Amino acid sequence: MTQTDTTAIRHADILIVGGGLSGTMLAVQLLRLPGRRKILVIEPRAELGRGEAYSAVELGHTLNGNAARMSVDPDNADDLTQWLTDHIAGGGWPESDQQHVPVSELFPPRGLFGVYVQQRLTEAQQVGAQHGSTVEHVRAEVVDLQDCGDSVQLTLSDGQQLQGAFAVLATGMFPAARTPQKQSSGLNAAALDPWDVAAMRQLDPHSTVLIIGSGLTMVDAVVSLEQAGHRGPIEVFSRHGLLPHVRRQPPAWVDFLAEDHSLRTPRQLLRELRRHCHDAIAQGIDWQAPLDTVRAHIGRLWSQASDVQRRQFVRHVRPWWESHHHRSPPLSAELVERLHQEGRLRIHAASYEGLEPVSGNGVGIRIRPRGEAETRVVQGAALINSSGIEYDWRRVARPLPQQLLARGLVRPGPLALGIAAAVDGAVLDAEGRVSPRLFAMGPPLRGMWWESTAVTDVASQAKALAARLVR
C-alpha cells in the first residue's frame, strides 16, 4: 500500500528513510521479531527492495558476486542459492550463458535479485501479520528531519509529516553519475547515465564514447553500450588506469588474520597478504583465495586503525584494494577484455580536469595524463560519468543530507566518508553526542567500517539494528 494523504501528521513506531536493500532488509528483520509495531518505509521509487543497485532491467547487468556470496539472510548463507534453485526450476530465469554452472556460482541479473529481496519482504510481512506488525511504503522523498526529544519528525517532498519513536537513515548509495553535487562542474548534465541503454541507442554506433572512471560502474557502462549496439571506440580515463579483476571461485585458504591479531596497520596487512598470495601461487592456487579471507576482518581493522593509518590506506592502497577486491562478474569481464584486445576499448591513466566546449555536436573533456604536468583536450560523441559512489555527504546536493548537516544532527564520518555513528548504528551529532532515536545503517556508515555496502554487510547490520530498536 502506498499512502499519499497530507491532512495530518502520521505516527509510526519506526520510520525507515530509504527503501532500497538496506531499508527493506531492516523492515524484514523487524517484521520477523515478536511484538506489535508499525513501520513506515519512505522511498520515492515505485518498488521497495531495489534502490540504485537492483533497479536495473537489463539481463547483462549482473551481481558482482556469485549467489553463494549474496544471501540476504545472515543466518543462512545459502538462502539466495536455494531461492534461485526454486526460481529456475519454475522457469523464472530465461536461458543464460551462465546456466551450465552450479547455482551457487551463478551471477544473477540485478533485477532478478530485486525480485528475491521483494519476495523475502512479502514473506516477512506474513510473519509480522501474525503478531500485528505492519510495514507500509510511503512513496516520497524525505526533505527534512527534526529531533523532537521524545520522537523524530520527518517532512516529505509531498508535504506529509511523519512522526516516530525511532528513525533510521537507510539512504543507500549516492552514485556520482546520478547525484547532484555541490559546486558541480556540470559533468552529470553533460554525461549519459551508465545504465541508460535506451539513451545509448540514440548514439551513432560507430562514434567515440568517453568514460571517466575505470571501476565497476565503468564495467556496467561498457555492458550498456554493448547491449545498445555501440561498436565504436571507448576511451576510459582514471587516475591510476586500473581495471577490476575478474571474480573467480578460489578454494578455501587459511584465515591468517583470525590466527594473528598482531596485524593491525595497512603496511603489516599488505606485507602478510602478499606473502600468502605468493604462497598460494607457488602451490598452484588462485591468489584470490588469501585475499578473500581478509573481507571478514575489514571492519575490525578499519575501526581500530588511527586516522593517519586510514589516510595512508585511502591514499596509497585504496585503488589497488578496489580493483582487486571489488571484482567484475565473469561475463562482464570477458566483454571488457575482448574489447580491450580488439583495440576498441583503451584505458588511460589520467585525471579528469573538467569539461571543455567543442564546436558542433559532441563533448570535450580536459585530462591530465598521470605523471605529466600538461593537460590536453579529448573529444567524443558522448561522455559517461563512471566515477563510482559519492560518500562525502557534504558534497551531496540533496535536501536531507544538507538539512541534517545544517541542523547539526549528523556529522561527517572518519575521513568525511558517510556519517559518524556509534557501534550500534546510533548517529553522532555535530557535538559528538549519541542520538537515542536516530540511527543509520549500510552505505552511510562507510567511514565507520570501510566496507558497509555489500549484501552480507547490510544483512548483518539489519539484524543487529532490528534487535537494538525493539529491545
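Residues numbered from 1 in each chain as written. Predicted model: local features only at pLDDT ≥ 70, side-chain atom pairs only at ≥ 80, totals over all residues. Heavy atoms only, no water.

Q: Talk me through the pairing of strand β2 (residues 38-42); I want residue IDs and the actual numbers.
A: With respect to burial, β2 is a largely interior element, 4 of its 5 residues being buried. Here strand β1 (residues 10-17) runs beside β2; their pairing, made up of 4 bridges, is parallel. When the bridges of β2 are listed, L15 appears paired with L40. Read as a crossover between parallel neighbours, the route from β1 over helix α1 (residues 21-32) to β2 is right-handed. In terms of strand pairing, β2 meets strand β3 (residues 134-138) through 5 bridges, oriented parallel. Looking across to β3, one finds that L40 is bridged to E136. (Buried < 20%, exposed > 50% of the residue type's maximum accessible area, 1.4 Å probe, protein only. Helix = DSSP H or I, 4+ residues; strand = E, 2+ residues; numbered from the N terminus. Pairing = 2+ DSSP bridges. Right-handed = clockwise from strand over helix to strand, strands pointing away.)

Q: Got a sec to walk through the pairing of strand β5 (residues 152-156)? Specific residues and values, please.
A: When you tally the buried positions in β5, you get 4 out of 5 residues, the bulk of the element. Linking strand β4 (residues 142-147) to β5, which pair antiparallel, is a turn of 4 residues; within it G149 sits at a positive phi near 90 degrees. Sheet topology places β5 next to strand β6 (residues 161-169); 4 bridges connect them, and they run antiparallel. Paired with V152 across the strands is G164, a residue of β6. The turn linking β5 back onto β6 is made up of 4 residues, and G159 within it adopts a positive phi angle of 95 degrees.

Q: Describe the nonpolar core, naming the residues involved and giving the relevant values.
A: I16, L21, L80 and F113 are the most contacted members of the largest nonpolar core, which totals 41 residues. When residues of this core are traced back to their parent elements, those giving at least two are β1, α1, β2, α2 (79-89), α3 (110-129), β6 and α15 (455-470). Among the elements that line this core, the one with the most residues is α1, at 7 residues. F113 has contacts with L21, Y54, L63, M70, V72, L80 and V455, leaving out every residue within four places of it along the chain. (Core = buried A, V, L, I, M, F, W, Y, C linked by side-chain atoms within 4.5 Å. Contact = heavy atoms within 4.5 Å.)

Q: Lay out unusual backbone geometry with the relevant residues and their values.
A: Keep in mind that most residues, glycine aside, have a negative phi and that most peptide bonds are trans. A positive phi angle, near 60 degrees, is found at L415, a position not held by glycine. Of note in the backbone geometry, W450 takes a positive phi value of approximately 65 degrees without being a glycine. Along the chain, W450 turns up in the loop between α14 (446-449) and α15.

Q: Just give me the short version of the packing of helix α6 (residues 216-227) against helix α12 (residues 330-342), but keep the residues and values in it.
A: In helix packing, the relevant descriptors are the interaxial angle and the interaxial distance, both defined with respect to the helix axes. Taken N-terminus to C-terminus, the directions of α6 and α12 make an angle of 75 degrees; their axes are 10 Å apart at the nearest point. Taken together, the axes of α6 and α12 lie roughly perpendicular to each other. Contacts between α6 and α12 involve V219, V222, V223 and E226 from the former and S332, L335, V336, R338 and L339 from the latter. Considering only residue class, the contact of α6 with α12 consists of 6 nonpolar, 1 polar and 2 charged. (Axes fitted to C-alpha atoms, helices over the stretch in contact; angles between N-to-C directions. Parallel < 35°, antiparallel > 145°, perpendicular 65-115°, else oblique. Nonpolar A, V, L, I, M, F, W, Y, C, P; charged D, E, K, R; others polar.)

Q: Could you give an account of the pattern of salt bridges, with specific residues and numbers?
A: Within the structure shown, the criterion is met by 31 salt bridges. With its nearest N and O atoms 3.1 Å apart, the salt bridge here joins E43 to R45. Accessibility expressed as a relative area gives 4% for E43, which makes it buried. R45 sits in the partly exposed class, given a relative accessible area of 28%. The shortest N-O distance in the salt bridge between E353 and R368 comes to 3.6 Å. Note that E353 is positioned in strand β9 (residues 345-356) and R368 in strand β10 (residues 363-369), a separation of 15 residues in sequence. (Salt bridge = Lys/Arg side-chain N within 4 Å of Asp/Glu carboxyl O.)

Everything listed is a geometric property; what it means functionally is a separate question.
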